[in-house]
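Chain and residue survey
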Amino acid sequence: MSTPFNVRATTAMADPHLKEALRAATGAFGDRREEAFRSTAAPLALRARAREIRRRTFDELDRHLETLLGRLARRGVQVHEAPDAAAAVEAVLSIARRHGVTLTVKSKSMASEEIELNDHLERAGITPVETDLGEWLIQMDREAPSHLIAPAIHKTRAQVARVFAEHVDPAAGDDPSVLVGLFRRKLREDFLRAGMGISGVNFAVAETGTLCLVTNEGNGRMVTSLPKVHVAIMGFEKVVPTVEDCLTLLAVLPRSGTGQKITNYFTMLTGPRAPGEADGPEEVHLVLLDGGRSRHLGGPFQEAFHCIRCGACLNACPVFQTVGGHTYDSVYAGPIGSILSPMLRGMEVSGELPAASSLCGACQEVCPVLVDIPRMLIEMREVRATQGRIPLAERLAFRLVGFAMRRPMIWETGFSLLPWLLRPFSRRGKVDWLPGPLGSWTKGRELPLPARKSFRARWRERMRARPAKAAGAGGPSGASPSGDSPSYLERTRRALAFGQGLVHDRVEAPAGLLPEVEVEDPPARFGAELEAVGGNAHRASSLEEAKALLLELASAWPDRPVAVSGDLPLPAAQWLAEAGFEILGPESEREGGSDGRDALARAGVGVTGCAWAVAETGSLVLLSGPQTPRLHSLLPEVHVALVPEERILRHLSALSPLLSQALDPARPGGPSCVNFITGPSGSADIELTLIRGVHGPREVHVILLPPGVGGGGGGAPGAEGEASAPFRLDED
């Protein structure tokens with residue numbers, strides 16, 4: 001490092017704009033997190049189950065990795081094992097060279113930041129375009145991300161406006177909605193023309209060979225759907241054994257990170273486009289990065305890999321809230337970064353970071369998987385001391401203190417003299433200045449003047465006086481004759497109540513099914529949840545009303561074509577054609593091998609069905625297939641979904657067996673992509689101001705069809721966890 005942490009921290013604390021941005025953002029994230037977990041039936045039990053999943057995964061990581069790699073190979077995903085950053089970069093560059101790529105679009109990826117991929121791409125003559133708004137802002141300013149989920153959290157609105165004025169439009173102004181609109185238009189052409197898309201991975205499901213992305217803006221879907229080549233980069237810590245485990249972690253990740261029940265998009269990718277599918281990449285590659293990870297397996301810091309990168313510990317940390325992410329001089333900042341950075345970069349580079357903590361425990365308190373960060377910080381400090389990486393002055397000071405503490409007479413004499421030695425530097429009983437290196441203790445804080453009589457002296461006096469008092473007492477020592485003191489049982493109860501949920505290593509994961517929130521009327525709950533995230537639910541009572549709603553929504557874009565997926569529960573294409581609209585269907589897009597992206601980019605409305613919908617979160621679940629292109633729900637300005645009410649599940653967890661079946665590698669004709677869609681695309685990267693419609697649709701409308709209306713169907717859902725089969729999912 002070029003400068004010590006304390007020097008960088010002092011510089012950061014002197015920046016009023018940084019203080020303003022950090023205070024607003026971390027406080028808002030914390031409030032939203034608390035509200036989001038209140039929407040679950042058993043928050044602590046859910047987190048304990050998530051922690052148990054992470055623990056079990058690493059108990060048998062080798063087996064799960066072997067299963068994952070085998071499933072991916074079977075699906076046509078090309079895996080590149082990279083022992084270090086140089087090998088990972090070379091793997092990406094070789095893929096790009098082989099395909100003649102000159103432009104690549106990137107979704108937010110901390111692994112790509114870890115290997116400094118953008119710099120290497122630029123030196124190779126390849127233009128990398130960050131497509132997440134926060135990542136793009138810091139790319140334009142040549143900065144590193146300062147937060148795991150909000151990379152530009154340190155930027156104020158004025159600073160964002162400056163970036164847009166310099167790189168997009170000098171007259172852009174500072175209205176977030178205008179700036180997001182400019183960003184959408186600027187990047188659309190890059191999405192359509194890029195030869196390669198690069199993404200990270202949030203979860204990699206071993207059971208099905210599935211790579212999962214958690215996003216909000218729609219850029220992750222663009223990056224993994226439009227370019228002919230998709231390259232994903234991840235470390236082995238992203239492995240999850242089963243779909244059920246993945247959905248459990250999905251229930252805690254957005255709640256902890258952004259305060260959402262679920263992000264706008266959750267994308268599950270199983271490989272290149274399947275035979276007959278209208279769109280999707282022709283090649284999918286996975287770069288499996290080690291980068292120093294494997295040397296910590298089985299060691300005291302393995303638990304750091306349980307982290308699911310939600311960023312909650314950063315938002316809760318008083319040090320991060322004060323100095324921001326760039327002070328850590330690493331991609332990984334905050335409490336978890338103070339452990340990961342020395343693990344991956346070495347103690348000689350990042351060894352001072354474990355000391356950048358107050359050890360208050362707030363990080364562990366908010367961690368969705370209950371990672372014991374304070375323990376690892378302490379043990380990493382011990383490693384640093386053992387390696388002799390403590391400055392000489394600090395080592396000498398502690399040796400002097402240790403010498404005195406082992407000699408009671410010297411220790412007591414020193415303490416008796418301390419009040420007199422400090423008195424010249426005190427005012428009104430406080431020490432607010434000290435000379436030399438000791439002055440660091442009084443910068444920003446006051447040191448109380450030590451009492452003239454030490455605790456040991458007071459205790460000895462009390463013990464000498466105790467026999468006399470005990471002789472006149474009417475009861476056993478320590479009891480209260482008046483009965484005013486709380487009983488032992490009451491004191492124990494108070495202590496247990498105070499410790500409830502704090503001592504995480506004693507929170508056991510409950511056996512069996514977790515409690516679920518009550519959902520009495522799934523269609524009504526689905527509509528309420530969808531509208532809470534900016535979507536629009538329309539509950540049709542008849543075929544005629546459904547037709548009228550569809551034509552009304554399409555009429556808002558009279559001069560634009562309408563993209564209509566096949567396999568719909570209603571004859572939507574026929575109705576719209578009769579009304580004079582140009583129809584873009586899935587069959588026409590496959591002519592000449594084209595996915596019809598240029599025509600779809602002009603579409604005003606995209607009409608799709610869905611495999612299932614989830615009442616608890618207001619989510620649609622779409623499976624790619626020959627009649628169900630990915631892009632119909634992504635490129636048009638407005639997405640309209642036709643949803644039979646019998647396809648609405650009560651809870652997210654009910655999807656586990658259905659998705660496991662749909663994504664089973666042994667099942668022919670499965671989808672290459674599953675998309676959870678929850679409202680319109682959105683971003684809050686500009687001072688947490690939520691703007692709808694970034695790279696995905698500006699609006700999402702769902703027309704709910706009651707039983708008996710439309711031709712979609714199958715049986716109605718039965719008990720919780722059961723549902724009719726999705727459209728065109730062949731039975732065994």
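Calculation notes
- Residues numbered from 1 in each chain as written.
- Predicted model: local features only at pLDDT ≥ 70, side-chain atom pairs only at ≥ 80, totals over all residues.
- Heavy atoms only, no water.
- Salt bridge = Lys/Arg side-chain N within 4 Å of Asp/Glu carboxyl O.
- Helix = DSSP H or I, 4+ residues; strand = E, 2+ residues; numbered from the N terminus.
- Buried < 20%, exposed > 50% of the residue type's maximum accessible area, 1.4 Å probe, protein only.
- Polar contact = N/O pair within 3.5 Å; in protein donor to acceptor, adjacent residues only side chain to side chain.
- Contact = heavy atoms within 4.5 Å.
- Expected span 1.5 Å × (residues − 1).
- Arc of directions from axis to C-beta.
- Lys, Arg positive; Asp, Glu negative; His and termini not counted.
- Pairing = 2+ DSSP bridges.
- Axes fitted to C-alpha atoms, helices over the stretch in contact; angles between N-to-C directions.

Moving on to the pattern of salt bridges. Enumeration over the complete set of coordinates arrives at 30 salt bridges. Residues Asp245 and Arg56 are paired through a salt bridge, measuring 3.7 Å at the closest nitrogen-oxygen approach. On the criterion of sequence distance, the pair formed by Asp245 in helix H12 (residues 243-257) and Arg56 in helix H3 (residues 43-59) is long-range, its members being 189 residues apart. In this structure Asp245 comes out as buried when scored by relative accessible area, which is 8%. Ionic pairing is found between Arg97 and Glu90, a salt bridge with its closest N-O pair at 3.2 Å. Here Glu90 falls in the partly exposed class, since its relative accessible area comes to 39%.

Here the focus is the side chain of Ser565. With respect to the helices and strands, Ser565 occurs in the loop between strand E15 (562-564) and helix H25 (572-578). A distance of 3.1 Å separates a polar atom in the side chain of Ser565 from a polar atom in the side chain of His632. Those residues within four positions of Ser565 in sequence are excluded, and the remaining contacts are Pro586, Val607, Thr608, Gln627, Thr628, Pro629 and His632.

Another point: unusual backbone geometry. Of note, Arg309 is a non-glycine position whose phi angle comes to about 60 degrees, a positive value. With respect to the element layout, Arg309 can be found in the loop between strand E10 (283-289) and helix H13 (312-316). In this structure Arg309 comes out as buried when scored by relative accessible area, which is 9%.

Let's shift gears to helix H24 (residues 543-554). With 12 residues, H24 should cover 16 Å at 1.5 Å per step; its first-to-last C-alpha distance of 17 Å lies within 8% of that length. Looking at H24, one finds that the buried residues are Ala546, Leu549, Leu550, Leu553 and Ala554. All buried residues of H24 project into a common sector of 130 degrees when viewed along the axis, lining one side. With respect to the buried face of H24, the exposed residues turned more than 90 degrees away are Glu544 and Glu552.

Further remarks concern the side chain of Arg255. Mapped onto the fold, Arg255 is located in helix H12. Although buried, Arg255 forms no salt bridge, and the nearest oppositely charged side chain, Glu616, lies 4.4 Å from it. If we ignore the near neighbours within four places in the chain, the residues touching Arg255 are Arg33, Ala36, Phe37, Ser39, Thr40, Gln260, Lys261 and Glu616.

On to the sheet that holds strand E16 (residues 583-584), then. In space, the 6 strands of this open sheet follow the order E14-E25-E20-E17-E15-E16, with parallel pairing throughout. Edge positions in the sheet fall to strand E14 (536-539) and E16, since each of these pairs with one other strand and no more. Inspection of the sheet shows E15 paired to strand E17 (residues 605-608) by 3 bridges, in the parallel sense. Its bridge partner being in E17, Val562 is matched across the sheet by Val605. Docked against the sheet, helix H23 (residues 522-532) engages E14 and strand E25 (699-705), running at close to 150 degrees with respect to E14. Across the face of the sheet, H24 comes into contact with E14, E15, E17, strand E20 (638-644) and E25 while running at roughly 170 degrees to E25.

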